[in-house]
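Understanding the architecture of this molecule
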Amino acid sequence: MQRLTTRRDLLRQGMAAGTFFGLGDLGFLSGLPMVSAAEAKPAPQIVALDPEIEPLVRFIEETPRDRLLEEVASRLHAGLTYRELLAALLLAGVRNIQPRPSVGFKFHGVLVVNSAHLASMSSPPEHRWLPIFWALDYFKSAAASDVREGDWTMGPVDEKAVPPASKARQAFCDAMENWDEAAADAAVARLARSAGAGEVFELFYRYGSRDFRSIGHKAIFVANSRRTLDCIGWQHAEPVLRSLAYALLMHEGDNPAKRDADADRPWRQNQELAATIRSDWLDGRTDSGATTALLGTLRTASPADACRQVTETLNQGISPQSVWDALFAGAGELLMRQPGIVALHALTSTNAIHYAYQASGDDETRRLLLLQNAAFLPLFREAMGGRGRVADRQIESLEPAEQAPAVDEIFATLSRDPNAAARQVLAWIDQGRPAKELVDAARVVVFLKGNDSHDYKFSSAVLEDYNFVSPQWRRLFLASSVFKLCGSGEPDNQLVARTRAALG
C-alpha cells in the first residue's frame, strides 16, 4: 500500500526546498498558517466588502515600518487571511502612492504586489508568506518616497460627474481618447460599480498598451491590477481602477490627442495594420524559421517595419505562437546585450501584454496587442543606446557548457559570470534534467537575495513566461533570463532575518 504523505512530511520537504543545497533556510515560515491554493484562487462570486478592510488598510498605512512585519505576524496568528492582507496592501498602495510623474519609481510599491503574489502562488505553501512580507516592507519605503514628493493621496470621486451606467462605457472611452483625467475618473468609478471585470478590462487592455511612455509600466499595471483583483475580489475594484485610469493618462507636454508624438505613433499605425490581418490568423502553423526571420528583423528594424513583418508573417499562414516566440526571444536577447533596467522592462512588459492577449476576448484587441508588442521591442532597443555599451550578442549563438553542474553551482556561477551560468543552464536542459528544479531554485534565491522590486517583478515574469514559449525556443529563453536573476553569491537581504524574528 502506498504510504500517505503527512503534514510533517510536507513541512520537511518544504524546509529542504528552502535550504536548497545550502542556499538558505526558509523553514521558519512553516510556523504560519498555510496559504492554501483554494484561498489564493479568484473569489467564486462577488461579495460585499468586508467592513474590516478599511481598518486593516489604515493599520498598514499607520504602523511604522520598523514594526509593521511584527504586527502583521501577530495578526496572522490571530486569524488574518492571505487574501485580506493582499487586498489591504494593494488598496493602501493605490490610495497613498501617486503613479506620477512616471508609472514606475515609487509606484513600484503598487506594481510589485501582484509580482509578490505570483511568487507566493508558485512556491511551496510553507514559503508563501515571505514575498508578501517583502512587499509590505517595500510599500512603506515607497509611501515614504511619496510623502517626500508631496504626500499625494487619492481623494473621493466627484459624484456629481459620475455618468449613468448606460453611458459609462462611452464616457470612459471618450475621456481616454481625449486624455481627460477628470472625466475618466468619474466614468471609471461608474464602470466599477455597474460593469463586470471582463468588460472593463477589455477597455484597459487597449489603453494600457497604446503608448510607450514609462517603458511598459502602463501595460504592466493593467495586467497586475486584473490579476490581483481576480484574487481579492471585484468589491475592491473602484479605487484600483481609478488609480489605473489616472496612470494610463500620464503624458508629457500638451494633450497627445492633438499631436503626433513618437510614443503614440505605433498605436495609430497599428489600428490600420491590424485590419489587414487575415480573418483566420489564429489557425496558422508554427514555424521556427519564421521565428528566426522575425527575430533578425527585430535587431535592426523600426517599430513600423517590425509590425509590417508581423502582419506579413501572419498572412502567410504562420501561427501567432511563432510570432510570440520571436517576441519573447527578442526581449531575452536584449537582456543578454545589456543586462540593465531598459531590457529588463522589455521582458516584464512583454509578459504583461502577453497576459492581456491571452485574457482578451476581442479579436481586434488581440491583433493590436501583438502588433504593439512588436513595436515596443525596437523602442526598447533604441532606448538602450543611451544607457552605455550594448554587446553584440544573439540568442541563437548561446552554446551549452560541456557539463551541467549542480543547481547550487549554477547560481554560484551566476554571481561571478552570467554568461557562463547561461551556458550551464542550456547544458542542464539539453541533458534532460528538469527545468523545474532551476525555476524553483531561482525563486528561493530571490527570496533570500532580492533587494529591489525588479527582482520580484522580473523573476515572476520570466519564470512564468518560460511556459508560454515553444519547446525549441524555451531553453534559450530561460538561459537568457539568467543575465538578470539573482545569484547565490550576493549578500542575503535583511528582510529574511527580520521576518524570521517576527515569526519567532
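All of the points below concern the structure found in this document. It should be emphasised that the depicted structure is a prediction, and the values quoted were computed from it without experimental measurement. (Residues numbered from 1 in each chain as written. Predicted model: local features only at pLDDT ≥ 70, side-chain atom pairs only at ≥ 80, totals over all residues. Heavy atoms only, no water.)

Quick notes on the overall build of the chain
- Across its full length, the chain carries 24 helices and zero strands.
- Put simply, of all contacts in the chain between residues at least 6 apart along the chain, 81% involve residues at least 24 apart.
- Here the chain displays about 20100 Å² of accessible surface, and carbon together with sulfur accounts for 50% of that area. (Helix = DSSP H or I, 4+ residues; strand = E, 2+ residues; numbered from the N terminus. Contact = heavy atoms within 4.5 Å. Areas by Shrake-Rupley, 256 points an atom, 1.4 Å probe, with all protein chains shown as cover.)

Some remarks on the pattern of salt bridges
- Under the defined criterion, the tally for this structure stands at 32 salt bridges.
- The partner of K106 in a salt bridge is E149, with the nearest N and O atoms 3.0 Å apart. Here K106 is found in the loop between α5 (82-96) and α6 (108-121), whereas its partner E149 is found in the loop between α7 (129-148) and α8 (165-177), with 43 residues between them in sequence.
- Looking at E149, the relative accessible area reads 54%, which means it is exposed.
- Residues R498 and D137 are paired through a salt bridge, measuring 3.2 Å at the closest nitrogen-oxygen approach. Here the residue R498 occupies a position in helix α24 (residues 494-503), and D137 occupies one in helix α7, the gap between them amounting to 361 residues.
- The exposure class assigned to D137 is buried, which follows from its relative accessible area of 13%.
- A cluster of three or more residues bridged by salt bridges with shared partners is formed by D211, R213, K218, E252, R259 and D264. (Salt bridge = Lys/Arg side-chain N within 4 Å of Asp/Glu carboxyl O. Buried < 20%, exposed > 50% of the residue type's maximum accessible area, 1.4 Å probe, protein only.)

Examining the packing of helix α11 (residues 217-232) against helix α12 (residues 237-248)
- In contact at an axis separation of 10 Å, α11 and α12 are set at 170° when each is read in the N-to-C sense. Here α12 runs roughly antiparallel to α11, going by the angle between their axes. Along the contact surface, α11 presents K218, F221, V222, S225 and L229, while α12 presents A237, V240, S243, L244, A247 and L248.
- Its residues assigned to classes, the contact of α11 with α12 comprises eight nonpolar, two polar and one charged. (Axes fitted to C-alpha atoms, helices over the stretch in contact; angles between N-to-C directions. Parallel < 35°, antiparallel > 145°, perpendicular 65-115°, else oblique. Nonpolar A, V, L, I, M, F, W, Y, C, P; charged D, E, K, R; others polar.)

Describing the nonpolar core
- Membership of the largest hydrophobic core comes to 166 residues, with the highest contact counts inside it found for I60, L85, F172, F201, F204 and L241.
- Not counting chain neighbours up to four residues away, the residues in contact with F201 comprise V222, S225, R226, L229, W234, L241 and L244. (Core = buried A, V, L, I, M, F, W, Y, C linked by side-chain atoms within 4.5 Å.)

Some remarks on the packing of helix α3 (residues 53-62) against α7
- Here α3 crosses α7 at 65°, and the two axes come no closer than 10 Å. Taken together, the residues of α7 that come into contact with α3 (itself represented by I60, E61 and E62) are L136, F139 and K140.
- Looking at the contact of α3 with α7 residue by residue, the classes come out as three nonpolar, no polar and three charged.

Observations concerning the environment of I318
- Among the structural elements, I318 can be located in the loop between α15 (303-315) and α16 (320-337).
- Using a relative accessible area of 2% as the deciding quantity, one classes I318 as buried.

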